[in-house]
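Tertiary structure, described
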Amino acid sequence: MNTETPGGPKFMTLERHIIEGEREHEGATGSFSSLLHNLSLAAKLIWREVTKAGLVNILGKTDRMNISGDVIKKLDEFADQTIYKAMDHGGDLCVMASEENEDILQIPDDYPHGRYVLIYDPLDGSGNIDANVTIGTIFSVYARVTESGMGTIEDVLQPGHRQVAAGYLLFGSSMMFVYCTGHGVHGFTLDPSVGEFILSHENIRIPKRGSIYSVNEGNFDRWNPNTQRYIRWLKEEDQATGRPYSQRYIGSLVADVHRTMLYGGIYCYPGDTRNPNGKLRLMYENNPLAFIIENAGGAASDGRRRILDIKPTSLHQRVSLYIGSREDVRTAEEFLAGMR
Ligand code: AHM
Ligand code: MG
């Protein structure tokens, strides 16, 4: 999409971008656009709460645990419920799944059931909330595989390459809505004075190789020797290959991957002796971010397979993640295969 006009750059809002994208698809019904529109409303509602978090004592832990055993904080619940409520009535979805819920989430009987499936991590990096560090929401959209009526687990458990869209919201020093429908990755920044997302990062491309690695190195002793050798290699001095790499780790996956996409390099969450498949969830975290990074020219792997080719077996399945610049991910795979 060209944003230049004789009078200067177009004023490209998210709304306009979505509608212009829809016009490029013959036979589009508007359902997909309405889905993205409702998500952008949820984004603003969550951002409003996030900015007030320290003021209204919304923080603090509830005694409920999520399916992965983490204590859920109240802001997670708010984000979870807000997304569900913003999306349940539009007639665009047949089923949803949220990282905070054990089972799939049905659309209420009294609302129409649509063609799409929404999978989301309502508030990723929530361990960072109390420290006012960037957190985010990750989402993934598929077309249903069943014919009609209520969606099923079969509609949800599709491999990542079948995503029709993915994106994330970033609650940082500004609020961003980044999304991809398979035609480039585009980032919009919220202008709070008018309440609109404005195109700020058009067609993001990740560098082929970077000089930053991002991993929780506190787990070093739990990694297998190949993983350890790879991380050690990144830290060795060698001017010819641009090493040592710098290390950055926010501890919010969505923020670490966003930085990796803009600056290049690699984010890793390897399997270890405690979590053989790592910590991150295929459906809620790895697949949507892999779809985005691949569309930005990067790569995402579990160490030996392309993330988007993995056939999911369960809703909360965990998979190791190596994501970022194409050449960095290839180097990681070579180390993990014992080739280097
Ligand atoms: P969550 O906050 O949705 O539970 O996601 C898991 C988070 C990721 O955002 C982050 O990258 C990772 O857990 C950090 O884990 P660790 O503390 O083991 O480094
Ligand atoms: Mg998460």
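Per chain, residue numbering runs from 1 following the sequence as it is written. Ligands are numbered from 1 and chains lettered from A, in the order in which they are written. In keeping with the model being predicted, local features are shown solely for residues with a pLDDT of at least 70 and side-chain atom pairs are shown and tallied solely at 80 or more, while totals for entire chains, interfaces and linings include all residues. Side-chain metrics in this entry use all non-hydrogen atoms of the structure; hydrogen atoms and water are not considered.

**As for helix α8 (residues 326-336)**
- Residue exposure (1.4 Å probe, protein chains only): buried if accessible area is under 20% of the type maximum, exposed if over 50%, otherwise partly exposed. Secondary structure follows DSSP: runs of H or I at least 4 residues long count as helices, runs of E at least 2 residues long count as strands, and numbering of each begins at the N terminus. Within α8, the full set of buried residues consists of D328, V329, T331, A332, F335 and L336. Viewed along the axis of α8, the buried residues span an arc of 160°, placing them on a single side of the element.
- Close packing links the buried residues of α8 with α5 (225-235), β15 (266-269), β16 (299-301) and β17 (321-324).
- G338 lies just past α8 and shows a positive phi near 75°. Directions from the helix axis toward the C-beta atoms define the arc. Contacts are assigned to residue pairs with any non-hydrogen atoms lying within 4.5 Å of each other.

**Observations concerning the sheet that holds strand β13 (residues 212-214)**
- Sheet architecture is open: 5 strands sit in the order β14-β13-β15-β17-β16, paired in mixed fashion. Pairing within the sheet leaves two strands with one partner each, and these edge strands are β14 (246-247) and β16.
- Two elements, β16 and β17, share 3 bridges in a ladder whose sense is antiparallel. Bridge pairing links S301 to Y322 in β17.
- Contacting β13, β15 and β17, α5 crosses the sheet at an angle of about 145° to β13. Think of it this way: DSSP has to see at least two bridges between two strands before they count as a pair. Each axis is a line fitted through C-alpha atoms, taken for helices only over the stretch in contact, and angles between the N-to-C directions span 0 to 180 degrees.

**What about the domain arrangement of the protein chain?**
- The domains assigned to the protein chain are domain 1 (14-201) and domain 2 (212-336).
- For domain 1 versus domain 2, the separation of C-alpha centres amounts to 23 Å.
- Taken together, the 49 residues of domain 1 in the interface contact 30 residues of domain 2.
- Accessible area that two parts lose when put together, with a 1.4 Å probe and added across both, is what the buried area reports. Here domain 1 and domain 2 share an interface that buries about 2,800 Å² over both sides, 66% of which is from carbon and sulfur atoms.
- The three residues of domain 1 that bury the most area against domain 2 are I138, L157 and Y168, which together make up 20% of that side's buried surface.
- Note on definitions: salt bridges are taken to be side-chain nitrogens of Lys or Arg within 4 Å of carboxyl oxygens of Asp or Glu. Our count for the contact surface shared by domain 1 and domain 2 stands at 1 salt bridge.
- Note that E99 and R281 form a salt bridge whose closest N and O atoms lie 3.7 Å from each other. These domain boundaries are the output of an automatic or database domain assignment.

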